[in-house]
Amino acid sequence: MNSPTNVSRTSYSAIASALLLFLLLNTPVNAQLSSTFYDNTCPNALNTIRTSIRQAVSRERRMAASLIRLHFHDCFVQGCDASILLSEAATSTSEQTAVPNAGSVRGYEVIDAAKAEVEKICPEVVSCADILAVAARDASFAVGGPSWTIKLGRKDSTTASRDLANSDLPFFGSNVNELIANFARKGLSARDMVALSGAHTIGQAQCFTFSERINSNGSDIDAGFASTRTRGCRNANLAPLDLVTPNSFDNNYFKNLIQKKGLLESDQTLFSGVPTDSIVSQYSSSPTTFKSDFAAAMIKMGDIIDPVTSQNGVIRRICSDLN
């Protein structure tokens, strides 16, 4: 028969074990992510992805911007879970047909190709979500942007949400306060938001996203810039977000904002007599600071994980489809 002391110790031990199990099951998944996650299970994964992304960007420089944006649009809906890659054939709630994505987000085939190469060497080991995160990093570096160490180990979602894509993704007509609030809901600061907006130093936008701004005759837009952008602006026609160096990742985006030459309303609002003016000014004069902060913000954004996905996620064999 146990003494009172032994009973007490046994009880404490049981409680401690139960508490440890609870903590393990409820620890946020981002605490489990690791830059060495595939070192043993698929040591050539990152090199394989890098090669595939470099080839895609060498074929089309614009693809770098598209891949960074694809990762961003994934992370803002259900976390970084590759839900944006699920096609309408796979799920009737595909995010690809949401208003912010339809006819705009691209690069799906590049991720599919990278996934296919990884599957050849390590079947059903590397998630589409991780491939998307690595692709964004490698795309940035391929056009002169920063690189960063990516924490890996994400799972792929088995669901997508068109409704959340419509409600959670930033709008090209948003003002600075709306953007700050939108990013804050994802755990990102105003500085993170400005740094991530700097991805618009590369890539293009469709005319309908900025036609109202260039035709407004407003005081927040350079008249000559507006006149130049008006020419050839028809609905889905494309225009570079940065006229100066549209295919190079630099800090000209912020220099443009100071000159009232931001293409989208959601760009120029960052420098419009608001608290983020000082961040824009700093980035415009220090490309090193911008690139460092961009990398840090991308890492932080990559940590946005939906707990449901972390518990119920899978490794999809084909990124656009369910297993």
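Residues numbered from 1 in each chain as written. Predicted model: local features only at pLDDT ≥ 70, side-chain atom pairs only at ≥ 80, totals over all residues. Heavy atoms only, no water.

- Looking at an unreviewed UniProt entry, one finds the protein chain named Peroxidase and attributed to Rhododendron griersonianum.
- For the protein chain, the Function (unreviewed entry) comment in UniProt is given as "Removal of H(2)O(2), oxidation of toxic reductants, biosynthesis and degradation of lignin, suberization, auxin catabolism, response to environmental stresses such as wounding, pathogen attack and oxidative stress. These functions might be dependent on each isozyme/isoform in each plant tissue." (UniProt positions renumbered as here; feature names shortened; annotations may be inferred.)

1. Some remarks on the pattern of salt bridges
Then step 1. The tally for this structure, following the rule as stated, stands at 12 salt bridges.
Then step 2. D138 serves as the salt-bridge partner of R137, at 2.6 Å between the closest nitrogen and oxygen.
Then step 3. Of the charged contacts in the structure, one is a salt bridge between D220 and R213, with a shortest N-O distance of 3.2 Å.
Then step 4. Take R213: its relative accessible area is 5%, and that puts it in the buried class. (Salt bridge = Lys/Arg side-chain N within 4 Å of Asp/Glu carboxyl O. Buried < 20%, exposed > 50% of the residue type's maximum accessible area, 1.4 Å probe, protein only.)

2. Considerations on the state of the cysteines
Then step 1. Under the criterion given, the structure shown has 4 disulfides.
Then step 2. The side chain of C75 participates in a disulfide bridge whose partner is C80; the two sulfur atoms lie 2.0 Å from each other. On the sign convention where negative means left-handed, the S-S torsion of about 115° between C75 and C80 marks this disulfide as right-handed. Assigned by exposure class, C75 and C80 land together as buried.
Then step 3. The disulfide partner of C207 is C233, and the gap between their sulfur atoms is 1.5 Å. As the torsion about the S-S bond is roughly 85°, the C207-C233 disulfide counts as right-handed. Separated by 26 residues along the polypeptide, C207 in the loop between β1 (204-206) and α9 (211-214) and C233 in the loop between α10 (223-230) and β2 (238-240) bring together distant segments of the chain. (Disulfide = S-S within 2.5 Å. Helix = DSSP H or I, 4+ residues; strand = E, 2+ residues; numbered from the N terminus.)

3. Some words on the UniProt feature "site: Transition state stabilizer" (unreviewed entry) in the protein chain
Then step 1. UniProt records the feature "site: Transition state stabilizer" (unreviewed entry) at R69, using the numbering of this structure.
Then step 2. With respect to the secondary-structure elements, R69 resides in helix α3 (residues 62-75).
Then step 3. Judged by relative accessible area, R69 falls into the partly exposed class, the value being 31%.

4. Quick look at helix α5 (residues 128-142)
Then step 1. End to end, α5 covers 20 Å across 15 residues, agreeing with the expected 21 Å (1.5 Å per residue, within 8%).
Then step 2. G144 lies just past α5 and shows a positive phi near 95°. (Expected span 1.5 Å × (residues − 1).)

5. Concerning helix α2 (residues 45-59)
Then step 1. Helix length check: α2, at 15 residues, gives a terminal C-alpha distance of 22 Å against a target of 21 Å (1.5 Å per residue), a fit within 8%.
Then step 2. Residues of α2 that are buried sit in contact with α3, α4 (108-121) and α5. (Contact = heavy atoms within 4.5 Å.)

6. Brief notes about unusual backbone geometry
Then step 1. For N235, which is not glycine, the phi torsion reads 45° and is therefore positive.
Then step 2. Note that N235 resides in the loop between α10 and β2.
Then step 3. Positive phi is not limited to glycine here, since K260 has a value of about 60°.
Then step 4. The topology assignment puts K260 in the loop between α11 (252-258) and α12 (265-268).

7. Overview of the side chain of Q96
Then step 1. Counting through the fold element by element, Q96 comes out in the loop between α3 and α4.
Then step 2. When near neighbours in sequence (up to four residues on either side) are disregarded, Q96 contacts I84, L85, L86, S87, N101, A102 and Y108.

8. Comments concerning the UniProt feature "binding site: heme b" (unreviewed entry) in the protein chain
Then step 1. Mapped onto the present numbering, the UniProt feature "binding site: heme b" (unreviewed entry) falls at H200.
Then step 2. Within the fold, H200 resides in the loop between α8 (190-197) and β1.
Then step 3. Accessibility expressed as a relative area gives 25% for H200, which makes it partly exposed.

9. Observations concerning the packing of helix α7 (residues 176-184) against α8
Each packed pair of helices is defined by two parameters, the angle between the axes and the distance between the axes.
Then step 1. At their nearest, the axes of α7 and α8 sit 9 Å apart, and the two run at 105° to each other. As summarised for this structure, α7 and α8 are arranged roughly perpendicular, according to the angle between their axes. Residues V176, L179, I180 and F183 of α7 pack against A190, M193 and L196 of α8.
Then step 2. Residue classes in the contact of α7 with α8 are distributed as 7 nonpolar, no polar and no charged. (Axes fitted to C-alpha atoms, helices over the stretch in contact; angles between N-to-C directions. Parallel < 35°, antiparallel > 145°, perpendicular 65-115°, else oblique. Nonpolar A, V, L, I, M, F, W, Y, C, P; charged D, E, K, R; others polar.)

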